[in-house]
Amino acid sequence: MTPTDTPHTPETPDAPDASCSVHDLPNLDATLFDRPSAERFAEHLAGAGRSTHAPRILLLYGSLRERSYSKLLTLEAERLLQAMGAETRVFDPTGLPLPDGAPDTHPKVVELREAAAWSEGMVWTSPERHGAMTGILKAQIDWIPLSAGAVRPTQGKTLAVMEVSGGSQSFNAVNQMRILGRWMRMLTIPNQSSVAKAFLEFDEAGRMKPSAYYERVVDVMEELVKFTLLTRDVAPYLVDRYSERRESAEALSARVNQRSL
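So, here is what we can say about the structure in this document. (Residues numbered from 1 in each chain as written. Predicted model: local features only at pLDDT ≥ 70, side-chain atom pairs only at ≥ 80, totals over all residues. Heavy atoms only, no water.)

### Section: the environment of Pro-93
The test is simple: To qualify as a helix, a DSSP run of H or I must reach at least 4 residues; to qualify as a strand, a run of E must reach at least 2; elements of each kind are numbered from the N terminus. Residue burial is assigned from relative accessible area. The probe radius is 1.4 Å, only protein chains are included, and a residue is buried under 20% of its type maximum, exposed over 50%, and partly exposed in between. Throughout, a contact is declared for two residues whenever any of their heavy atoms are within 4.5 Å.
Tracing the backbone shows Pro-93 in the loop between strand 2 (87–91) and helix 3 (107–118). Take Pro-93: its relative accessible area is 4%, and that puts it in the buried class. As a C-alpha pair, Pro-93 and Leu-137 span 44 residues in sequence and 8.3 Å in three-dimensional space. With near-sequence residues (within four places) excluded, Pro-93 lies in contact with Tyr-61, Ser-63, Leu-64, Ile-136 and Gln-140.

In structure tokens form, the structure reads like this:
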């Protein structure tokens, strides 16, 4: 190549027009379409106001054993949350009937649902049993309805997941709980805890010993509190969906038309 030669650069297709507007999207209902922006978040936050109360965290665990390591881990997490300024409740699953095995007026079901409604975030901790979370933990989630009338008790709330194992470290239970959290429309934080050989990690008084496992629990609780503070006042906007706004509008139209018949 001589000094006057220039390398050949293939022509690239024109970049797509970045100025596409709602008018170019004929399948959309323009009256229900939202364009997220920092200003929209600020507007929602201004309307909702900034909460000043302590973050409210509900903790669930998945074992009824007298020395339950999922319970001990839950209680350790509760201490950390309280030290970080959160208000906490731990639900005792003892006496909770199986889903559909009792009416939803059962006292333990009422207690669980009231706690779920009260909370702004949750911690789910389960032993791993036969490669999965326990039925005791799953039963608690199954008693929390995805919707109750016009209210979705868990939608937009934060979630941290943890598990304990009797053997080597595993992640089957936390992975399952993440799926459940998504199904319950919760904001599951990125971090998680899995404590292997849990029987070695707690002293006779039930307190967790210093270890990398303990430090991970601190990390998870810190992250949960931060995500809860960050999202709780804008959660309704974060989970506001175009499809549901459209469905609501259509339902309203149907009701109005029905009354006009």
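### Side note on the nonpolar core
Counted only if it meets this: Nonpolar cores are built from buried Ala, Val, Leu, Ile, Met, Phe, Trp, Tyr and Cys residues. Side-chain atoms within 4.5 Å join them into one set.
Counting 23 residues, the largest nonpolar core has Leu-58, Leu-60, Leu-112, Met-122, Trp-124, Ile-141 and Met-177 as its most contacted members. Secondary-structure elements contributing two or more residues to this core are strand 1 (56–61), helix 3, strand 3 (121–127), helix 4 (135–143), strand 4 (158–164) and helix 5 (172–183). Dropping the residues within four chain positions of it, Met-177 is found in contact with Trp-124, Ser-126, Met-133, Leu-137, Leu-159, Val-161 and Met-162. By size, the runner-up hydrophobic cluster in this structure holds 22 residues, among which are Ala-160, Val-195, Val-220 and Val-225.

### So, the pattern of salt bridges
Selection criterion: We define a salt bridge as a side-chain nitrogen of Lys or Arg found within 4 Å of a carboxyl oxygen belonging to Asp or Glu.
Summed over the entire model, instances satisfying the criterion amount to 14 salt bridges. Residue Arg-79 is joined to Glu-76 by a salt bridge in which the shortest nitrogen-to-oxygen separation is 3.1 Å. Here Arg-79 and its partner Glu-76 are both found in helix 2 (residues 69–83), 3 residues apart, which amounts to about one turn of the helix. Taking the relative accessible area as the measure of exposure, Glu-76 reaches 2% and is therefore buried.

### Considering the pairing of strand 1
Stated precisely, the cut-off is as follows: For a crossover, the right-handed case is the one in which the path from the first strand over the helix to the second runs clockwise, viewed with the strands pointing away from the viewer. Paired strands, in this sense, are two strands between which DSSP finds at least two bridges.
For strand 1, the tally of buried residues reaches 5 of 6 residues, placing the bulk of the element in the interior. Traced from strand 1 through helix 2 to strand 2, the parallel crossover comes out right-handed. Pairing analysis gives 5 bridges linking strand 1 to strand 3, with the strands arranged parallel. Paired with Tyr-61 across the strands is Thr-125, a residue of strand 3.

### Quick word on the side chain of Ser-170
The following threshold applies: Whenever a nitrogen or oxygen atom comes within 3.5 Å of another N or O atom, the pair is scored as a polar contact, on the condition that within protein one atom can donate a hydrogen and the other can accept it, and that pairs from neighbouring residues in sequence are kept only if both atoms are in side chains.
Mapped onto the elements of the fold, Ser-170 is located in the loop between strand 4 and helix 5. Ser-170 gets classed as buried once you look at its relative accessible area, which sits at 16%. At a separation of 3.3 Å, a polar atom in the side chain of Ser-170 contacts the side chain of Asn-172. Residues contacting Ser-170, with those up to four places away along its chain left out, are Glu-128, Glu-163, Ser-165 and Ser-194.

### Some points on the environment of Met-208
You can see Met-208 is positioned in the loop between strand 6 (193–195) and helix 6 (212–231). Apart from residues lying up to four places away in sequence, Met-208 is in contact with Leu-73, Glu-76, Val-195, Glu-201, Phe-202, Tyr-213, Tyr-214 and Val-217.

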